[in-house]
Structures are given as C-alpha cells and as structure tokens.
Amino acid sequence: MTQSWFAAALILILSFAALPATAQAPGADVEARPDPTVLCHVGVYRLDDGSWVDVAPLPDEGLRWRRLDGSTARMVLDAQGYWISTLGFTARVEGPQPQPGACDEGRMVFDGQTGRRLALEVRETSFVGQGGTRLNGRLILPPGDGPVPVMVEVHGSEGANALDFNAFQRFAPAEGVGVFVYAKRGSGGSEGRYTQDFHVLAEDAAAAVVEARRLAGIRAGRVGLHGASQGGWIAPLAASRTPADFVIVGFGLAYGALAEDSDQVMLDLKAKGWGDDVLGQAREITDVTGAFIASHGAVGFDGLEAVRVKYRAQPWFADIKGEFTGLLLNTPNEQIVAMAPVLDVGTSWDYDPLPVLSRLDAPMLWIQAEDDTGAPPEATRRRLIDLAGLGRPITLLEYPDTDHGIVRFETADDGRRTSIGYAPGYYQAVLDWARTGRLDGAYGDGRLLATPRR
C-alpha cells in the first residue's frame, strides 16, 4: 500500500535477490502509458441483454475487460489478429473471448451478444490542489440532464495516471453514477511530484470534490469520495476538509501506516505455523524497524543491530518479511544509507486516522477482504466495529476468500495466490452506496459486520 522509501531502496539494492519481478520504487509507474494502438477499443459497451462490459487499457500492452459481476480477463492480440482473453489475472485461456470490431465501429461481440459503446458525457478540466499545484481532471456523467450522484476517485499508492487507467470512470456512469477522476500530482500532465504525504493528497482530493460540484452544476446530486488501498487514509481525511455526502473505502486501513508492516509480519509468521511466543518476540523487532522507518533512519542503527544479534539465530527469523522489516533485517547498513535518501516520498508514517473517523459525519462504507495479505484486516475490523457501536456512521462489508483489491484467488501447493476475478457484489455495493448511502439486499457473499448504532 504505502511502499516505504526504505523498502523501495532495498528493493533496488537487492534486485539480484529472489524478489518479485514486479517490485518497483514508489511512483516509478508515473510514466506508465497505454498502448496507443488499442485505445480505440477502450470504453463501456452495452450488450443485447442490457448488461455491460467495460474495456480498459493496460500499461504498455493489451486491454482488460470487466463486468458488474466481478468477472474479468486480460485481452491480448495473437499473431493472427484474434483477441485472446486469459481468466482473471492468470495465463489460462478460458471464459468469454470478446472480439472488438474495427476502431471506427464502436462495437464488440461478447459471449454471443453484440455490444455497442456507450456515449457518456465527458468534461475535461484542470483545478488547483494543495499549494497551488494544478491538476488535470475529468468529469464523466451518464446520459441525460437530471441530477446524479458523483464519486470522486481517490488514488491508491500507484503513480500511474488515473485518467488513463481508472475503470470506474466508465462503468459507474453506465450504472447511473457520475465519476470525477484526476491525475495525481506528478502524473498525467498534473504539476508537482509524486508523494505519499497523506495531508497533501487529502487537500488535492478535497479540491477535486469542490471542482466536481462546480463542473457538474445542476447535475450534481450526492457528491462523495471513493478511495481504495492507500486512498482509504486519504478519502476520509479529505471529507473532513470539505463537505462530502458519502465516503467509500475499499481494502483500506483504519490505523496507521507503520502498523501495516507489523501486521504483515505477524501474518507471515502465522502462515508458517509459529505461535504466540514467536509473535511476541517478532513484535519487538517490528517496534524497532518501525521507529527506524518513521524517523527516516535518524534514530540510528543501534536498535536494528540489537534485534539482529538477539534473534538472527532463531529458526523463525528467516520467515520475517512484512513490507520493510525483513529487508531491513537482512541488508547491510551501508547499503541502506547509500540508497534511502533519494527515494523519500514523504510517507505520513505518524498519521493516525482514528481522530478523523471518530468525528466524520459523512456516511462511510468500508469494504474489506477477509484474507487481505497487503492490508491485514483484523485491527481495522475491530476499530470500525467499535466506532459503529459508538454511533459513528460506519458500515462495514467484508468478503470472505478475497485478497487485496477484493479479488478472489486460487492457492497453489506452495501457497502462492493467483487472482481469478473480483468478488461478485463488490462493484454493486460501491455503486449503491454512492446512489443512496444504503446497502439493500445481498451483495454476493459479502458479510455485513457493522452498521451505525441508531
């Protein structure tokens, strides 16, 4: 979620080690661009039965289709010019194999049905964010002239241009919900530089709410914020700084960024079968690494060296991973010093969302993944249930058997997960909350864990 500057430095330093091929420094994707040769197919298509399929660009190559039920696949062209869809985020060729028409046709064939691209009302703009930084934005409204709800999309930790890659900007309007999306500072022609300073980003998001209301004019109904992952810290903070009719948080955390690493460490150790005695000792380690990160290394290496010496012979020491703790424990100090300063992205390590969540009056929907390895949900679940019990306007919906992103997954024999699609009901819950501020009926197998005390 946050991907600290130390973690990014260590990823670069240890690039020769057994790290994921997708690991990259925070903000490194600000230059990501879609393949211009396939952009003509991007859009949301209405099928014969009235449902829709959204086609989104991917960085560098290919497309991704999504449906309201959470089904999704990557699309790539084969050598014969035929589009091949691979299930979810796998490499398996299965499921519907949609075929877009020629670029000027605005149509596609999807699972035996004809889809025609919807014409949405699009208004481009620029507006002033925190510190006078000019940001590029876009309002997308459903056809018509009456008032509609509008979701302001708040970024996660990605640097990539949301004007290119945000999918809600098409399929939410297909369901009657307007969307305001903007390129975060440093991407998509917006001024400034990439940052993970939550306060700066919240000011940008608050300015986006104001601009969305202005641009929508008489068509503005309910206007609120929708933030995912790191956006779960930023969206409520933005709503505390400008009037908002609702807040939606997907797979975010209701506690501080440092705890994310320590919870990941505990999750890793539990997965290896270690008990409470080991977890208690590991907590001593994460307290030290957390203090080191939060101070940007100013506290020095004494504490880090002490826990290395004390615990490195323990059989569980090698199982410590987390977001940055495992890397800090296993990297020479001089390498940390050499790389870290140039990768500081201003992460708000000291931010605690509790004061904001305790006072915010905007109705909030939180959607969690029960098996989230990127943002472990246990502490957030407890905090949100407690706040709802105190009468705060918080509703908590949790999806079992899902990981970060509310994605369903398959687990291989070695424990690795492969995402196969989004949870059915997840998209519908987001859209219904934007429309009415309520959840009515069932949303797939999502479980309602908290509602405000009346």
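An account of the accompanying structure is given in this report. (Residues numbered from 1 in each chain as written. Predicted model: local features only at pLDDT ≥ 70, side-chain atom pairs only at ≥ 80, totals over all residues. Heavy atoms only, no water.)

1. A closer look at empty space enclosed by the protein
Reasoning step 1: A full pass over the atoms with the stated rule returns 2 cavities of 30 Å³ or more.
Reasoning step 2: A volume near 50 Å³ is recorded for the largest cavity.
Reasoning step 3: In this structure, the largest cavity is lined by Val154, His155, Tyr182, Lys184, Arg185, Leu201, Asp204 and Ile234.
Reasoning step 4: Its residues placed into classes, the lining of the largest cavity shows 4 nonpolar, 1 polar and 3 charged.
Reasoning step 5: Taken as a whole, the second largest cavity spans an internal volume of roughly 40 Å³.
Reasoning step 6: Split into classes, the residues belonging to the lining of the second largest cavity amount to 6 nonpolar, 2 polar and 1 charged. (1 Å grid on protein atoms, 1.4 Å probe; cavity = no way out; pocket = protein on both sides within 12 Å on 5 of 7 lines; lining within 4 Å. Points joined across faces, edges and corners; volume = space filled by probe spheres on them. Nonpolar A, V, L, I, M, F, W, Y, C, P; charged D, E, K, R; others polar.)

2. Quick notes on the sheet that holds strand 17 (residues 402-403)
Reasoning step 1: Overall, antiparallel pairing links the 3 strands, which are arranged 17-18-19 in an open sheet. The open sheet has two edge strands with one neighbour each: strand 17 and strand 19 (417-422). (Pairing = 2+ DSSP bridges. Helix = DSSP H or I, 4+ residues; strand = E, 2+ residues; numbered from the N terminus.)

3. What about the state of the cysteines?
Reasoning step 1: Applying the stated criterion across every chain yields a total of 1 disulfide.
Reasoning step 2: Between the sulfur atoms of Cys40 and its disulfide partner Cys103 the distance amounts to 1.9 Å. One quick way to see it: the torsion about the S-S bond of Cys40 and Cys103 is about -45°, and its sign makes the bridge left-handed. Here the residue Cys40 occupies a position in the loop between helix 1 (5-13) and strand 1 (43-46), and Cys103 occupies one in the loop between strand 6 (99-100) and strand 7 (107-110), the gap between them amounting to 63 residues. (Disulfide = S-S within 2.5 Å.)

4. Here we look at the pairing of strand 7
Reasoning step 1: Alternating positions in strand 7 separate cleanly, Met108 and Phe110 being buried on one face and Arg107 and Val109 remaining unburied on the opposite face.
Reasoning step 2: By the bridge criterion, 2 bridges tie strand 6 to strand 7 in an arrangement that is antiparallel. The residue bridging Gln99 from the neighbouring strand is Val109, located in strand 7.
Reasoning step 3: Pairing between strand 7 and strand 8 (residues 113-117): 4 bridges, direction antiparallel. (Buried < 20%, exposed > 50% of the residue type's maximum accessible area, 1.4 Å probe, protein only.)

5. Focus on the pairing of strand 11 (residues 148-154)
Reasoning step 1: Most of strand 11 sits inside the fold, with 7 of its 7 residues counted as buried.
Reasoning step 2: Summarising the sheet, strand 11 and strand 13 (residues 220-228) pair through 6 bridges and their orientation is parallel. When the bridges of strand 13 are listed, Val154 appears paired with Gly227.
Reasoning step 3: Bridge count between strand 11 and strand 12 (residues 178-182): 3 bridges; the pairing is parallel. Paired with Met151 across the bridge in strand 12 is Val179.

6. Focus: helix 5 (residues 231-239)
Reasoning step 1: Within helix 5, 9 of the 9 residues are buried, which leaves the element mostly enclosed by the surrounding structure.
Reasoning step 2: When we look at burial in helix 5, the residues that qualify are Gly231, Gly232, Trp233, Ile234, Ala235, Pro236, Leu237, Ala238 and Ala239.

Function cannot be read off these values alone, since they describe shape.
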